[in-house]
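Listed below are the residues making up each chain.
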Amino acid sequence: EEFGFSMIGTGPGETGSQLSRDNILRALESIAQLLGSHSGTSPTLSAVLDILERELGMLRSTVLLLSADGSELLVQALRDPLQPEHEAIRYRKGEGIVGRVLESGIPAMIPRISEEPQFGDRIHRRREAGMDHLGFVCVPIMLGNEIIGTLAADLKCDKSESLADARQVLSIVASMIATMLST
């Protein structure tokens with residue numbers, strides 16, 4: 001079975017190929033094995049994000065977790081190493097798309113970043129790089145009924161079903177991350 005979102009090419013105009021059920025299952029299996037054998041460190045989470053990119057074509061995936069006082073989201077992991085400027089970025093509840101996901105617990109699916117005025121774009125600066133034509137999906141990371149963070153990624157998609165497929169995959173990964181963080 002083919003899923004509606006496509007692997008993202010590396011250059012302008014590249015579209016990649018649709019993902020099969022097998023690709024998704026292989027990626028989820030790799031992520032489960034990785035999370036089952038490591039603690040909740042940023043390098044482990046970055047490795048999860050690497051699998052999302054390498055196996056599923058999701059780009060600029062990011063894990064944000066609640067601060068110790070629970071008032072804001074902090075960048076916890078990117079596929080690439082965290083830079084000092086990333087450590088200063090914060091999102092409060094209700095602020096931007098990820099802040100809305102934190103506040104509501106409802107996933108966000110944005111077909112085109114360029115058409116969403118609430119999209120903050122502070123972490124990856126897609127607009128500056130000319131990558132704001134992509135879609136964006138953000139899901140809550142939940143521990144029981146408590147939202148402890150968000151998992152987000154960019155993807156090339158053409159239909160709302162594509163975003164829903166990506167949301168479902170990211171929700172599964174977010175649940176796996178929450179389980180790892182709780183141990």
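Residues numbered from 1 in each chain as written. Predicted model: local features only at pLDDT ≥ 70, side-chain atom pairs only at ≥ 80, totals over all residues. Heavy atoms only, no water.

Chemist: Tell me about the overall build of the protein chain, and please be specific about residues and values.
Modeler: Regarding its fold elements, the protein chain presents six helices and eight strands. Along the protein chain, helices (α) and strands (β) appear in the sequence β-β-α-α-β-β-α-β-α-β-α-β-β-α when read from the amino end. Taking all contacts inside the protein chain whose residues are at least 6 apart in sequence as the whole, residues at least 24 apart take part in 53%. Summed over all atoms, the accessible surface of the protein chain reaches about 8,900 Å², with 48% contributed by carbon and sulfur. (Helix = DSSP H or I, 4+ residues; strand = E, 2+ residues; numbered from the N terminus. Contact = heavy atoms within 4.5 Å. Areas by Shrake-Rupley, 256 points an atom, 1.4 Å probe, with all protein chains shown as cover.)

Chemist: So what's going on with helix α4 (residues 96–104)? Residues and values would help.
Modeler: The complete set of buried residues in α4 reads Gly96, Ile97, Val98, Gly99, Val101 and Leu102. Positioned one or two residues after α4, glycine 105 has a phi angle of 75 degrees, which is positive. (Buried < 20%, exposed > 50% of the residue type's maximum accessible area, 1.4 Å probe, protein only.)

Chemist: Please give an account of the pattern of salt bridges that cites residues and values.
Modeler: Summed over all chains, the structure comprises three salt bridges. Of the charged contacts, one joins arginine 54 and aspartate 50 as a salt bridge, the two residues approaching to 2.3 Å between their closest N and O atoms. Taken together, the residues span about one helical turn, with arginine 54 and aspartate 50 both in helix α2 (residues 42–56) at a distance of four residues. Judged by relative accessible area, which is 47%, arginine 54 ranks as partly exposed. (Salt bridge = Lys/Arg side-chain N within 4 Å of Asp/Glu carboxyl O.)

Chemist: Give a description of the confidence of the model for the protein chain that names residues and reports values.
Modeler: Atomic detail in the predicted coordinates should be set aside for any region of low pLDDT. Of the residues in the protein chain, 69% reach a pLDDT of 70 or more, and the chain-wide mean stands at 78. Here residues 4–17 is a poorly scored stretch, pLDDT under 50, and it has 37 contacts once near neighbours within four places are set aside; other chains count. (pLDDT = per-residue confidence, 0-100.)

Chemist: Can you break down the nonpolar core residue by residue, with the values?
Modeler: Counting residues in hydrophobic clusters, the biggest one holds 33 residues, and the most contacted among them are Leu52, Val63, Ile141 and Leu151. If you tally residues by element for this core, the top one is helix α6 (residues 160–182), at 10 residues. Discounting chain neighbours no more than four positions away, the residues touching isoleucine 141 are Val63, Leu64, Leu65, Glu146, Ile147, Ile148, Gly149, Thr150, Leu151, Ala174, Ile177 and Ala178. Ile97, Phe136, Ile147 and Ala152 belong to the second largest nonpolar core, which has 17 residues in total. (Core = buried A, V, L, I, M, F, W, Y, C linked by side-chain atoms within 4.5 Å.)

Chemist: Tell me about the environment of serine 46, and please be specific about residues and values.
Modeler: In this structure, serine 46 sits in helix α2. Classification of serine 46 by relative accessible area gives buried; the value is 15%. Between the C-alpha atoms of serine 46 and glutamine 76, which are 30 residues apart in sequence, the distance is 8.8 Å. Apart from residues no more than four positions distant in its own chain, serine 46 is found in contact with Ala77, Leu78 and Arg79.

Chemist: Would you mind going over α2 in detail, with residue names and values included?
Modeler: Taking 1.5 Å as the rise per residue, α2 with 15 residues should run 21 Å; its terminal C-alpha atoms sit 20 Å apart, in good agreement. The complete set of buried residues in α2 reads Thr44, Leu45, Ser46, Val48, Leu49, Ile51, Leu52 and Leu56. Positive backbone phi, at 75 degrees, marks glycine 57, one or two positions downstream of α2. (Expected span 1.5 Å × (residues − 1).)

Chemist: Go over the packing of helix α1 (residues 21–37) against α2, please, and point to the residues and values.
Modeler: Running from N to C, α1 and α2 cross one another at 170 degrees; their axes reach a closest spacing of 10 Å. Here α2 runs roughly antiparallel to α1, going by the angle between their axes. Facing α1, whose interface residues are Asn23, Ile24, Ala27, Ser30, Ile31, Leu34 and Leu35, α2 presents Thr44, Ala47, Val48, Ile51, Leu52, Glu55 and Leu56. Split into classes, the residues belonging to the contact of α1 with α2 amount to 10 nonpolar, three polar and one charged. (Axes fitted to C-alpha atoms, helices over the stretch in contact; angles between N-to-C directions. Parallel < 35°, antiparallel > 145°, perpendicular 65-115°, else oblique. Nonpolar A, V, L, I, M, F, W, Y, C, P; charged D, E, K, R; others polar.)

Chemist: Before we move on, could you go through the side chain of aspartate 154 and cite the residues and values that matter?
Modeler: Tracing the chain through its elements places aspartate 154 in strand β8 (residues 146–155). The class of aspartate 154 is buried, set by a relative accessible area of 0%.

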